[in-house]
Amino acid sequence: IQAAGGAAVDVMKGMDADAPTKPFGGAEEITFTTDGKSVVFTARDVGREEAWSTDLDLYVAPIDGSAKPRCLTDANKATDTHPVFSPDGKTLAYLAMARPGYEADQYRIMLRPWPEGEAKALAATWDRSAGDIAWSDDGKTILAAAENLGQQSLFAIEVGYGTVKTVVEKGNNAAPQPVGDRLVYGMDTLLSPVELYSVKLDGSDAKAITKINADKVAATKMGEAEQFSFEGWNKEMVYGYVVKPVDFDPKKKYPIAFLIHGGPQGSFGNHFHYRWNPQAYAGAGYAAVMVDFHGSTGYGQAFCDSIRGDWGGKTLEDLKKGLDAAVKKYPWMDATRAAALGASYGGYMINWIAGNWPDGFKCLVC
């Protein structure tokens, strides 16, 4: 639709697909070329295979609808998405998976010379899955958000060398937007809903921009959050979080709300979740415990891949060992009064617990 007015133009002529893609796609799947004459978008044009295919592709089409869309990533039968042009318009960055049919594969950052050229991975050995990406104003750096050991950190990756540096480590950070020598981003934590912040590109001088939720947060009792770790399946390191009950008294014993995340390839990290928020349980007098068991994201792709075809083995062992580790570390937890709760894969695991760990809890919520 022209900003100056006029009839809408169909730039997807001949395609039987949705853009943005359903059900999770959004504005991040669409961008304009820097000359303003074309649009690059993500679509899954696979016919009846759409329900199970992960073959999202990037297409380019003229904005006047004068030609059919042209597929840019047909050679890759896995996901290609999130196109972003460099400031000079000479390079298209995007995210790509490598394994068809696998929704939890690593997102690698790809760089493709524009308008023609072979795409190559940036920082190919970096063992994190990129989310939001953006170019620095000088085109020398790509900023990326990626889950990272129970956080979602912001990273700066040099385009010429692939060197990865952490800009903001703690919290759940997203939507980085460079502005000169600073970076604007959104951050939430287990103690606060999202607010806007800015930081220098070297990670120094972080500042809050908005305090939209400050009054409500100040008026709300919340439990203190703490990350812990333990030896899980195969004696490999596993991380988790504990959120203490509000008005915490170390002399008291508190019941446990053992929250199990979905996915299973997801995470229950330092994030103010708008559905499964551990503060709701802390406010009700529970100690909330969350374990990022094998298969969770943000701990390297091998850790994520480890439960393919094994949804009940390594995960259950990690959950058992994680709860045991939490109770031993925090003696104010009452293991005799514990409830396990989960939805999606978490619900699957609740049912699995009912049959395979029936003596572990007073209550199961699926």
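Coordinates for the structure precede this section.
Bear in mind the structure is a predicted one, so any value in this text is a computation, not a measurement. (Residues numbered from 1 in each chain as written. Predicted model: local features only at pLDDT ≥ 70, side-chain atom pairs only at ≥ 80, totals over all residues. Heavy atoms only, no water.)

Tallying secondary structure elements over the protein chain gives 5 helices and 22 strands in all. The globule rule puts the C-alpha radius of gyration for 366 residues at 21 Å, and the 23 Å found for the protein chain is close to it. For the C-alpha atoms alone, the extent of the protein chain along its principal axes is close to 70 × 45 × 40 Å. The proportion of buried residues among the 366 residues of the protein chain is 50%. Sequence-distant contacts in the protein chain: of pairs separated by 6 or more residues, those separated by 24 or more amount to 52%. Counting only carbon and sulfur atoms, one obtains 52% of the accessible surface of the protein chain, whose full area is about 17900 Å². Placing the 37 positive and 46 negative side-chain charges of the protein chain at their respective mean positions leaves the two points 5 Å apart. (Helix = DSSP H or I, 4+ residues; strand = E, 2+ residues; numbered from the N terminus. Rg over C-alpha atoms; globule rule 2.2 N^0.38 Å. Buried < 20%, exposed > 50% of the residue type's maximum accessible area, 1.4 Å probe, protein only. Contact = heavy atoms within 4.5 Å. Areas by Shrake-Rupley, 256 points an atom, 1.4 Å probe, with all protein chains shown as cover. Lys, Arg positive; Asp, Glu negative; His and termini not counted. Charge placed at Lys NZ, Arg CZ, Asp CG, Glu CD.)

The contact between helix 4 (residues 314–329) and helix 5 (residues 345–356) brings their axes to 11 Å, and the two run at 80°. Put simply, helix 4 runs roughly perpendicular to helix 5. Residues Thr315, Leu316, Leu319 and Lys320 of helix 4 form the contact with helix 5, whose participating residues are Tyr345, Met349, Trp352, Ile353 and Asn356. Here the residues of the contact of helix 4 with helix 5 sort into 6 nonpolar, 2 polar and 1 charged. (Axes fitted to C-alpha atoms, helices over the stretch in contact; angles between N-to-C directions. Parallel < 35°, antiparallel > 145°, perpendicular 65-115°, else oblique. Nonpolar A, V, L, I, M, F, W, Y, C, P; charged D, E, K, R; others polar.)

A word on the pairing of strand 20 (residues 287–292). One face of the sheet, then the other: side chains in a regular strand alternate in exactly this way. The element strand 20 is extensively covered by neighbouring structure, given that 6 of its 6 residues are classed as buried. Neither face of strand 20 is exposed, since Ala287, Val289 and Val291 on one face and Ala288, Met290 and Asp292 on the opposite face are all buried. Relative to strand 20, strand 18 (residues 237–243) is paired through 5 bridges, and the arrangement is antiparallel. Within the sheet, the bridge partner assigned to Tyr241 lies in strand 20 and is Met290. As paired strands, strand 19 (residues 254–260) and strand 20 are joined by 4 bridges and run parallel to one another. Pairing of Ala257 across the sheet is with Ala288, part of strand 20. Running through helix 2 (residues 278–283), the crossover from strand 19 to the neighbouring parallel element strand 20 is right-handed. (Pairing = 2+ DSSP bridges. Right-handed = clockwise from strand over helix to strand, strands pointing away.)

A separate point is the packing of aromatic side chains. Per the stated rule, a full pass over the model turns up 21 aromatic pairs. Ring geometry for Tyr345 versus Tyr348: centroids 5.4 Å apart, planes at 20°, classification stacked. Residue Tyr345 and its partner Tyr348 are located together in helix 5, separated by 3 residues, close to a single helical turn. Given the relative accessible area of 37%, Tyr348 is considered partly exposed. A cation over an aromatic ring shows up here: Arg308 above the ring of Tyr102, its NZ or CZ 3.8 Å from the ring centre. (Phe/Tyr/Trp six-rings, centres within 6.5 Å; stacked < 30°, edge-to-face > 60°. Lys NZ or Arg CZ within 6 Å of the ring centre and 35° of its normal.)

This part takes up the environment of Gly180. Here Gly180 is to be found in the loop between strand 13 (172–179) and strand 14 (182–189). Setting aside residues no more than four positions away along its own chain, Gly180 makes contact with Asp137 and Leu201.

Further remarks concern the sheet that holds strand 8 (residues 120–122). The antiparallel open sheet is built from 4 strands, whose spatial order is 5-6-7-8. Each of the sheet's edge strands pairs with one partner strand only, and the pair in question is strand 5 (80–85) and strand 8. Ignoring strand direction, the axes of neighbouring strands in this sheet form an average angle of 35°.

Moving on, we get to the pattern of salt bridges. All chains considered together, the criterion is met by 14 salt bridges. In this structure, Arg182 engages Asp205 in a salt bridge whose closest nitrogen and oxygen atoms are separated by 2.9 Å. With Arg182 in strand 14 and Asp205 in the loop between strand 15 (192–200) and strand 16 (207–208), this pair connects stretches of sequence that are 23 residues apart. Where Lys314 meets Asp310, a salt bridge forms, and the shortest distance between an N and an O atom there is 2.8 Å. Judged by its relative accessible area of 22%, Asp310 falls in the partly exposed class. (Salt bridge = Lys/Arg side-chain N within 4 Å of Asp/Glu carboxyl O.)

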